[in-house]
Every structure is written in structure tokens, then in C-alpha cells.
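Below are the chains, spelled out letter by letter.
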Amino acid sequence: MSTARPSAPSASSPASHLKPLPLAVHLALTSAMIAAAIVPTMAWAQTVQSPVTTLEATTVTGDASIATPSAAPYAGGQVARGGQLGVLGNIDNMDAPFVVTSFTSKLIEDQQARTLGDVVKNDSSIQVGNGFGNSAETFSIRGFALNNDDLSFNGLYGILPRQVLPTQMIERVEIFKGANAFLNGAAPGGSGLGGSINIQPKRAGEDPLTRATIDYTSDSQVGGGVDIGRRWGADNKFGIRVNAAHRDGETSVDDENQRLTVGTVGLDFRGEQLRVSLDAGYQKYRFSQPRPTIRVIGTDVPSAPSNRTNYGQPWTYSELESTFGVLRAEYDFNNNWMGYAAAGVSHDRELGDYATPNVDGSGVGTISRLSVPYDRDSATGEIGLRGQFKTGAVGHRVNAALSASRIKGATAYEFASGGAIDIKNPVYIPRPAGGLIAGNFSDPDVTDRRRLYSVALSDTLSFLDDRVLFTAGVRRQTLKQDAFGYDGVQTAAYNDSVWTPVFGVVVKPLDYMSLYANHIEGLTAGDSAPTDAVNFGTTLAPYRTKQTEVGVKLDFGTVGGNVGVFQIEKPEAYTDVITGVFGRAGEQRNRGIELNVYGEATRGVRLLGGITLMDPELRDTEVASQNGNDAIGVPRYQAVMGAEWDVPYINGLTLQAYAQRRGSQYINADNSAKIPAWNRFDLGARYATKIDNRNVVWRAGVDNVTDKQYWSTVGNDFAQITQGRGRIYKLSMSVDF
């Protein structure tokens, strides 16, 4: 199941007719906006206390608090010093046996990132593409798919809006590299086997904030937003952060329009022992005549059309509406033991008309209409205990956690044959009428129910004054899934459980160096035997994807980085041509080397980038001739490098440059066709000053400066390719009141 695929049988395809917001949501959002207006009048007189801005070390001592706040920004402010590692909590980079990169809200603002995809372009291990026929942002980490459904929000799956996530509410984008079933549990959508992305929401800071921003994106998108934060009460215990934005207009692709409305509120209380937060939001996105991905038929890939050419039909669209909320609490029993609990709910409604071109090497082919409504309701939660103690000279940091989630999807579809298409010289056709209808299109029936339950235990042992850290843990995960036909009749049931272990070690021979190694696994439900198999209907045991990694991390105070070598083995399944039995056989084995660098190389010069080299090999495949071939959609190399320079003698002026290089990618397992390698360059500048004693920042940027025409990514499951965006101009101005 994937947000990338609005196909008829997929229960994670787009959504139902959009209806007015529930009264409870209206009241919650209205109350938040009223609070945001009232709080400024009362908060100015409150006593201000310095915030906790540094991350407490996750070493095991007898007198340090077990509570670990979010990591402080690293030198340069573009990344943080650590991140949230699921059940292990917030951990400093140098103490973690894994690689995690945390991009900050400062980087998001300075790069004028509009969506999550604009943020993660800064990581050389990640690719960003679009869904199959729709406008969903899909990701690939270390060569394995991560669908938008499987992002986590403050540690919880299934809560964030589906398909596209704007950046207004984001404080941190935390990217974990590698398999992660122990840390976060199995992702409900079955992706994320090569890594995960966690979103941390914004919180009110110590200083009052009232910021208004207006922005422009070519060709004619205009938007504006507000960001309001206040703290009040004794010792500033109470906080509120409100973000709201609207953007509308035509994109750089001819006749393609996007309209976004988003509003979020974050409330928090931080007492001496108790900490509570509530985050809620509403988002509505509409894409009108979006340029779709294409599917290649045959072994020749057409050259990319003009960047302005829109081969999306005028009647195609996608409308997405989401409401969500998360309540989280932490309580310190004493300095050594704390408990925590969280619960979240979300509701998504989607509706769209899609028309994916199926074309040959000349760009000529056919299109059809697929209309899909989709409703999703999610509820998820966790409860845990974290503690620290010593046994002689050995320190222990232990974790125990329970988690559960329930996701219900309802969908239907209508399919109608279309006509001919030439993506280089598109001709628009009337919306195909009639066709095949499955399910109740106006009120879809439930087609998918998923329930995930797990329990996790771990212990991080520390030796030699915390110079050596060893982590061992295990999670017991239960996966339950029921599938239903469009007539409501159950067609399949899945119920299985599996243990997923983790081992990690960190050795610090020098103050600025950490050597690390880990073994960790990913988890997804096993496939069901197809109708042509002699064991039709049999469901396989859950697939465990295994990762082994070793590397070194360096932190010189103002510049940091890491070099790591990893191997990830993902099992596959197919029907044996001789026996006719469907079963597990073969694997995709990705071996790679990653190098990352970040920080302030010298005063006023900031660097952020890396390179990833990959050997994505198919092994023991169904077709013998494919053994040893490269996996679909995995480039042999990716490299990114961004730089910022504060111009001397012009106080407040900063220049930016960004370069990206990506290798070629095969579109099929035969390795008979591929998209070519490509380069992209972005430039930008910002100027910060004061006007009438108010902070004002102007930002300007040009993405894809050379207007390069290229295919950017290949979908992992199809010969489906996404065209890269052409030259885009971005302008914004923000003012603090």
C-alpha cells in the first residue's frame, strides 16, 4: 500500500467528497486563535526565565536528570546536535550508534522551503519524487521507499496529513538513516525500510514572537502567513505557538495551479516534573491540472519535455483535507525515572481525477481517467518508562514502551478509457465519461483495517566514564490487517507477530571522535500468494529487512560530519516457475558509503552536504538473467552541497549556493532502460535588517538556475518517472512585530 498509487484496488488512494470541518475542530482552532490574540496582552508582564537550549548528554549518571530536551542547534544553525531516536528518546549525535540528521526551522526559512521535499533535498541519501499519477511527495532513503503515509509526528505514525506536508508547523525534520523497526515500530504503510522521517512541531520560545510573512513563487503563486508565540505564567510555564498560512496561484508549469490553506496550534506546559503538550492542525491542499508522473512502456525512455510543458489534462485534480491532533505528557518521578504517554488522532479526506500517461520512447501513448475517493481515520498512542541506574562501575539507561495504532481506510473508484497523448506536444481531451465503477463513490465503504501493537525493551550500558556505550534491545511487533472488497465482503486477513532486535555500540577514543556500529532490522507484513500460485491465498510471515553499519563521527566544535559503511538486505517473494509455489526468495541488497559534513567552516561560511555511493544489487531473483542487476530507481551515487556566505562589510547580507548531482537510474529489473544522470544548481540571497526597530528579512532564490530538463526519480515499483521542476523564482519578506 502506498500513497504513491491511486489505483483502483489500493486503499491508500485519494479521497472522498470534502465536507465542512467538524464543529469540534472549528471550536478548537477558534479557541487557539482567540488565545493567540489575548496572550500578547497579558504575557509582556510575566517573568522571563532562560530556556533550556542545550541537550543533556544521554550518558548514565546518578545525579543527571533522565529528561532530555530537544538537541540544541549545531554551529551555523542549519542542523541540530542530535535528534529523537524513537523509544530511546533524544540523543546527541556523538552518543548515538546510528546516523540521524536534524534540519532546523532556520534552514527551512532561509531556503524558503515550501514542502517537506524541499527540506530533505539537503541530504544525499534521500530522493524525492511524486506518487503514481498523483501529486503525493514520495521519498527514498538508502534506496528504499518511504511513503508520505509513514512519516511520524513527534514519534507517532499515521497522524500527519497525507501526500504533501507544508513546512509552516515544522521545527525540526529528523531523518534517521537505516532500518528502524525497533526504534519506532513497523510503519503502518509498510515502507520506511531504509530510513524514517520524524517531524517535530514548533513550540513557543522565551521571547514573544509575532511574525508576518508574504511570499511569491513563479509563475504567479502568492501567499502569506503568521507565526505567533507567547509564554506566560510563573516561570513561563505555559506556552502557545500558532501558525497559519495561505498560498494560491499558478506554478512554473503551464496551467498548473496549487492552493494551500493550513493552520496549526501548539500548546505546552513545562513544570518542574510534569511536561504536557497539545498539537492540532488543519490543512487543505488542491492541485488543479497537476503535471503527473509518466509510466514508460517498453525499453526506451523519452527525453524530458520542456519544463513548462504540462501533459496533465485540464480536468485532472487532487483535493486533500486533513485534521489532526496529538497530546503528549512526560512526568519525572525523580532524577532517575520518568514516564511518558502520547495519543494522536487524524482524519483525511481526498478526492481526485487522475490520468497517468503510458508512453513509449518517443513520448507517445495513451491516457485514461481514474477517479478515486479515499477516507482515512487513524488513532495511535504509546506509553513508556525510562530510567537510569548503576551496577558497580557500569551505568544503565533502560527503556520500556508499549505502542498501538489503528488505521481505517475507505475507498472506491471509477475508471474510464481515454485517448492518445504525446507528452511533448500534449492535446487535451474532454473528461472521459462513464466507465467502470467499483464501490460507493459518494460514501466509500471500508476496504482496509490495520492494527499494530508492540512492546519494546532496551538497555544502554556505559563503561569507562561513558567512553563506551553499548545498546541492546528488542521489540515484539504484532501486525494485523483485514482487507475488504468494494462490496464490503472480507477478502483477506493477516495476523502475525515477530521479534526485531537491535545492537549498537559507540566508542569515543578522542573527545571529538565517536566510532559506532549497529545491527538493526526493518519490518513489514508478508505478501499474499497471487491467484496463479498453487498456494493462492497463503500469507507469508513478516519480512525482516536487516541492516549492518559501521562508521566514524567527528565533532570539532564548529564543523562536524560522519563517514559510514552500511549494508541493507530486503527479502523478496515470487512464484516459482517450476513448482508454482509462491514464497520468499531473493533479495535486494544495498551496500553503500555515506559521507556528510555540516557546520560553520570559518566565520560567516556555512556548509551542509554529503555524498552517498551505492551498490543496489538484486540477488536470487525470479528471472535468472536479472541476478546481479541494479535495483529499480536506485542511483549508484548522489551528492549534494550547500554553502552560505555572510558578505563582509554589508551587515545582514548572506549569499547562498546549492549543487546536486545524481547518477542514472534503471526503470526495470532487466536494466534495459534508465533515466540519465543530472545536475541541478540553486542560488539565493537574504538580507536581514531593522526598520523602525523591527526585524525585517528579505529572501530571494532561484531553483534550477540553468532551467535543466531532466527526469528526477524512478518509482520503486513501476517504470514510473517524475520530471524535475524547471527554473523557479522565490521571494519573501518577513517582519517581526
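The structure this text deals with has already been given above.
Residues numbered from 1 in each chain as written. Predicted model: local features only at pLDDT ≥ 70, side-chain atom pairs only at ≥ 80, totals over all residues. Heavy atoms only, no water.

Novice: Any chance you could explain the pattern of salt bridges here in plain terms?
Specialist: Pairing between side chains of opposite charge can happen when their charged atoms approach one another. As enumerated under the stated definition, the model contains 47 salt bridges in all. A salt bridge links R211 to D736; the shortest N-O distance between them is 2.6 Å. Placement of R211 in strand β11 (residues 209-217) and of D736 in strand β40 (residues 728-736) is noted, with a sequence separation of 525 residues between them. A salt bridge links R275 to E330; the nearest nitrogen and oxygen atoms lie 2.9 Å apart. Here R275 is found in strand β15 (residues 274-288), whereas its partner E330 is found in strand β17 (residues 317-332), with 55 residues between them in sequence. Taking relative accessible area as the criterion, E330 reaches 26% and is therefore assigned partly exposed. Put simply, K106, D110, E600, R606, E644, D646, R686 and R699 are held in one network by salt bridges that share partners. (Salt bridge = Lys/Arg side-chain N within 4 Å of Asp/Glu carboxyl O. Helix = DSSP H or I, 4+ residues; strand = E, 2+ residues; numbered from the N terminus. Buried < 20%, exposed > 50% of the residue type's maximum accessible area, 1.4 Å probe, protein only.)

Novice: Explanation requested: unusual backbone geometry in the structure shown.
Specialist: The bulk of non-glycine residues show a negative phi, and the bulk of peptide bonds are trans. For the bond from S218 to D219, the omega torsion is 10°, close enough to zero to count as cis. Within the secondary structure, D219 is located in the loop between β11 and β12 (221-232). A positive phi angle, close to 75°, is found at Q163, a residue other than glycine. Following the sequence through the fold, Q163 ends up in the loop between β8 (156-157) and β9 (170-177). The exposure class assigned to Q163 is buried, which follows from its relative accessible area of 0%. We note that D707 has phi near 55°; this positive angle belongs to a residue other than glycine. Here D707 is to be found in the loop between β37 (694-703) and β38 (711-714). By relative accessible area, which is 29% here, D707 ends up partly exposed.

Novice: I tried to follow the pairing of strand β10 (residues 195-201) on my own but got confused; where do I start?
Specialist: The side chains of a regular strand alternate, residue by residue, between the two faces of the sheet. Within β10, 7 of the 7 residues are buried, which leaves it mostly tucked inside the rest of the structure. On β10, burial covers both faces: G195, I197, I199 and P201 on one face and S196, N198 and Q200 on the other are all buried. For strand β7 (residues 152-153) and β10, the ladder comprises 2 bridges, and the chain directions are parallel. Each residue of the ladder has a partner; that of S152, found in β10, is N198. (Pairing = 2+ DSSP bridges.)

Novice: Looking at this structure, how should I read the sheet that holds β8?
Specialist: Across a sheet, strands are paired by hydrogen bonds formed along the backbone, either parallel or antiparallel in direction. Reading across from one edge, β3-β9-β10-β7-β8 is the order of the 5 strands in this open sheet, with mixed pairing throughout. At either margin of the open sheet sits one strand with a lone partner, and together these are β3 (100-104) and β8. Where β9 lies against β10, 7 bridges are found, and the strand directions are antiparallel. Bridge pairing in β10 places R172 opposite Q200.

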